Amino acid sequence: RFGLTVTFQQPDKDRYDRILLELALHYFRQEGEESARQKLNPKILAARSYMTQHYNQNVTLEEVARQVGLNTTYFRHLFKQETRISFKEYLTHLRLSNARQLLANSDISVQQVIEEVGYTNISQFYRVFRQHYHMTPAEYRRLQQGAKQS
């Protein structure tokens, strides 16, 4: 339009081509993730919503399948297919995520945190927490409180 022509030396052109390719890949990867979330089966969206609201209760696969009107076996398969993680992994993620929030942002005891997020077995909670975060809940809390004071 303005009659301006820009020429690049070959190394610069290759570098700019790589940068443009990386930007395009990044854009399409994000676009794909967003559209994948939008295309989730409505039953699975309803199940995830139900789980988010009731994660701190004794939520079972059978109960959630019944809530969304699906056979338990089919629901288990569909949940894994749609979310790429199992029902149990998703529920564990919800509980641990909320436990981390409570540990970092409240002064309630670890025992109360465990109860608040729906665990009934203290040793199981400690084992799962350590498995995921490689530290105990008390260590996590100290680390988070130390980071806030810095």
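Residues numbered from 1 in each chain as written. Predicted model: local features only at pLDDT ≥ 70, side-chain atom pairs only at ≥ 80, totals over all residues. Heavy atoms only, no water.

1. Some remarks on the packing of aromatic side chains
Both the distance between ring centres and the angle between the ring planes are used here to describe each pair of aromatic rings.
Line of reasoning, step 1. Per the counting criterion, the structure on display carries 10 aromatic pairs.
Line of reasoning, step 2. Both rings, one in phenylalanine 75 and one in phenylalanine 79, keep their centres 5.7 Å apart while their planes meet at 55 degrees; by these two values the pair is tilted. Of this pair, phenylalanine 75 and phenylalanine 79 both sit in helix H4 (residues 72–83), 4 residues apart, roughly one helical turn. Neither residue differs from the other here; phenylalanine 75 and phenylalanine 79 are each classed as buried.
Line of reasoning, step 3. Geometrically, the ring pair formed by phenylalanine 129 and tyrosine 133 is tilted, given 4.8 Å between the ring centres and 55 degrees between the ring planes. Placement of the pair is phenylalanine 129 and tyrosine 133 together in helix H7 (residues 122–133), with a separation of 4 residues, close to one helical turn.
Line of reasoning, step 4. A relative accessible area of 0% places phenylalanine 129 in the buried class.
Line of reasoning, step 5. Taken together, the ring pairs in this structure connect Tyr119, Phe125, Tyr126, Phe129, Tyr133 and Tyr140 into an aromatic cluster.
Line of reasoning, step 6. The lysine or arginine in question, arginine 95, covers the ring of tyrosine 119, its NZ or CZ lying 5.6 Å from the ring centre. (Phe/Tyr/Trp six-rings, centres within 6.5 Å; stacked < 30°, edge-to-face > 60°. Helix = DSSP H or I, 4+ residues; strand = E, 2+ residues; numbered from the N terminus. Buried < 20%, exposed > 50% of the residue type's maximum accessible area, 1.4 Å probe, protein only. Lys NZ or Arg CZ within 6 Å of the ring centre and 35° of its normal.)

2. Notes on H7
Line of reasoning, step 1. With 12 residues, H7 should cover 16 Å at 1.5 Å per step; its first-to-last C-alpha distance of 16 Å lies within 8% of that length.
Line of reasoning, step 2. Looking at H7, one finds that the buried residues are Phe125, Val128 and Phe129. Viewed along the axis of H7, the buried residues span an arc of 100 degrees, placing them on a single side of the element. Set apart from the buried face of H7 by more than 90 degrees, the exposed residues are Ser123 and Gln131.
Line of reasoning, step 3. On its buried face, H7 sits against helix H5 (87–105), helix H6 (110–116) and helix H8 (137–149).
Line of reasoning, step 4. Within two residues after H7, histidine 134 carries a phi angle of roughly 60 degrees, on the positive side. (Expected span 1.5 Å × (residues − 1). Arc of directions from axis to C-beta. Contact = heavy atoms within 4.5 Å.)

3. So, the nonpolar core
Line of reasoning, step 1. Within the largest apolar cluster, 32 residues are counted, with the highest numbers of intra-cluster contacts made by Met51, Val64, Phe75, Phe79, Phe87, Phe125 and Phe129.
Line of reasoning, step 2. No other element matches H5, which puts 8 residues into this core. (Core = buried A, V, L, I, M, F, W, Y, C linked by side-chain atoms within 4.5 Å.)

4. Focus: the confidence of the model for the chain
Line of reasoning, step 1. Of all residues in the chain, 76% have pLDDT values of 70 or greater, and the mean over the chain is 86.
Line of reasoning, step 2. Mean pLDDT across the elements of the chain bottoms out in helix H1 (residues 10–38) (62) and peaks in helix H3 (residues 61–67) (98). (pLDDT = per-residue confidence, 0-100.)

5. What about the packing of H7 against H8?
Line of reasoning, step 1. Across the interface, H7 lies against H8 with an axial gap of 9 Å and an inter-helix angle of 50 degrees. Judged on the interaxial angle alone, H8 and H7 are oblique. Between H7 and H8, the contacting residues are Phe125, Tyr126, Phe129 and Arg130 on the first element and Pro137, Glu139 and Tyr140 on the second.
Line of reasoning, step 2. In the contact of H7 with H8, the residues fall into 5 nonpolar, no polar and 2 charged. (Axes fitted to C-alpha atoms, helices over the stretch in contact; angles between N-to-C directions. Parallel < 35°, antiparallel > 145°, perpendicular 65-115°, else oblique. Nonpolar A, V, L, I, M, F, W, Y, C, P; charged D, E, K, R; others polar.)

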